[in-house]
Amino acid sequence: MSLKQIEAVRVFDKWALGIHLSPSGSVLVTGMNGEVVELDQSLTEVRRWQAHDGAVNCLRVIDGQVWTGGGDNLLKVWSGEGLEAQYEGPKKPVTSVFINGDDLVAQSYDRAAWVWSLSAPSQAPRKIKDVASLVQTDSGFYGSPKTGSKAGDIGPLAAFDLASGSFGSPLFEDGFGVWSLQDVPGKGLLAFGLDTKAYWVDPVAATRSELPWHSKSGAPHFRVLADGSELYFGDGKIYHNGKAQDGPIKGLYCAAQLVDRRVAIAGADGQVWVFEVD
């Protein structure tokens, strides 16, 4: 089984950063230019709006709401009618968002985490310094601390306690630290280590196994498809069910699977590249 590229749909002049399914089943594509573009399942444009002044760095659908974090340091909540709420506080662009009970959590480029209370949205957020990477799982938060002023000054992967803002004991005796983490339900954490290798990590059992990955410049993007097959990609390569093939361009950033089982991947050239599972 492999992926066959069948078309490319122009959405932006360049830099389509993400692609996601909305609560209604439409397709949301995020851009470096701060726009979110809504497409139908045939990938025909329905509407577009300016979500942020600066790149839309992250988009998540949580409990039927669309959350975006942007290069304008803001976190926003959207509905079909428009902007529902806006959260301020970070001094650098927002890169990720999580909800944990009443806590709204965001991470920013300056390696800090910010925590708001959903029940008191007007209150200023609590800032937690020195958080280099962070991810939320069913068993809690995990990440690596920032340990110095240089980019590579990153400490060992550990559980993270949101209430105290502190990291626990290292998961691995060798001090394994990570640039980035992605939670994949049923698989574990997809980690890109300081050794520039990709790993599957079981944070509960504290085990890790290396994933075949060609690039030293960044982590793979991963998705489990509807047929159970595994897709990961980036830096000019696509791996599907363990088989590698060249991607249509070098910069491939995020994937969504459409209702007809086609796979759509957002690209650095501003297009959505569409594949069928062959």
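Quick caveat, the model's predicted, so the values are computed rather than measured.

In terms of nonpolar packing, the biggest core is built from 17 residues, with Val-11, Ile-19, Val-27, Val-29, Leu-39, Leu-43 and Val-272 touching the most fellow members. At the level of secondary structure, the elements contributing two or more residues to this core comprise β2 (16–21), β3 (27–31), β4 (35–39), β26 (252–257), β27 (263–267) and β28 (271–277). Sequence-distant contacts of Val-272, that is, excluding residues within four places in its chain, are made with Glu-7, Ala-8, Val-9, Val-11, Ile-19, Val-29, Leu-43, Ala-264 and Ile-265.

Turning next to unusual backbone geometry. In terms of backbone geometry, most residues other than glycine have negative phi values and most peptide bonds are trans. Phi at Asp-63 is positive, roughly 50°, even though this residue is not glycine. Within the secondary structure layout, Asp-63 lies in the loop between β6 (56–62) and β7 (65–70). A relative accessible area of 76% places Asp-63 in the exposed class. One non-glycine residue with positive phi stands out, namely Ala-206, at about 60°. For Ala-206, the position within the fold is in the loop between β20 (198–202) and β21 (207–211).

It is worth spelling out the sheet that holds strand β11 (residues 103–108) at this point. In space, the four strands of this open sheet follow the order β10-β11-β12-β13, with antiparallel pairing throughout. Looking at the sheet topology across the chains shown, the edges are occupied by β10 (94–100) and β13 (126–128). Across this sheet, the average inter-strand angle for adjacent strands is 20°, counted without regard to direction. Taken together, the six bridges between β10 and β11 define a ladder with antiparallel strand orientation. When the sheet's bridge partners are listed, Val-97 is paired in β11 with Ala-106.

This next bit is on the pairing of β4. Judged by how many residues are buried, β4 sits mostly within the fold: five of five residues are covered. Both faces of β4 are covered, namely the face carrying Glu-35, Val-37 and Leu-39 and the face carrying Val-36 and Glu-38. Linking two consecutive strands that pair antiparallel, namely β3 and β4, is a turn of three residues; a positive phi of about 90° is found at Gly-34 within it. Inspection of the sheet shows β4 paired to strand β5 (residues 45–50) by five bridges, in the antiparallel sense. The residue bridging Glu-38 from the neighbouring strand is Arg-47, located in β5.

This brings us to the pattern of salt bridges. According to the stated counting rule, one finds nine salt bridges in the structure shown. A salt bridge links Arg-262 to Asp-260; its shortest N-O distance comes to 2.7 Å. Look at Asp-260 and you get partly exposed, because its relative accessible area is 43%. Connected through salt bridges with shared partners, the residues Glu-7, Asp-260 and Arg-262 form a single ionic network.

This next bit is on the environment of Gly-54. By the secondary structure assignment, Gly-54 is in the loop between β5 and β6. Ignoring sequence-local partners within four residues, the contact set of Gly-54 consists of Met-32, Asn-33, Gly-34 and Gly-71.

What counts and what doesn't
- Residues numbered from 1 in each chain as written.
- Predicted model: local features only at pLDDT ≥ 70, side-chain atom pairs only at ≥ 80, totals over all residues.
- Heavy atoms only, no water.
- Core = buried A, V, L, I, M, F, W, Y, C linked by side-chain atoms within 4.5 Å.
- Buried < 20%, exposed > 50% of the residue type's maximum accessible area, 1.4 Å probe, protein only.
- Helix = DSSP H or I, 4+ residues; strand = E, 2+ residues; numbered from the N terminus.
- Contact = heavy atoms within 4.5 Å.
- Pairing = 2+ DSSP bridges.
- Axes fitted to C-alpha atoms, helices over the stretch in contact; angles between N-to-C directions.
- Salt bridge = Lys/Arg side-chain N within 4 Å of Asp/Glu carboxyl O.

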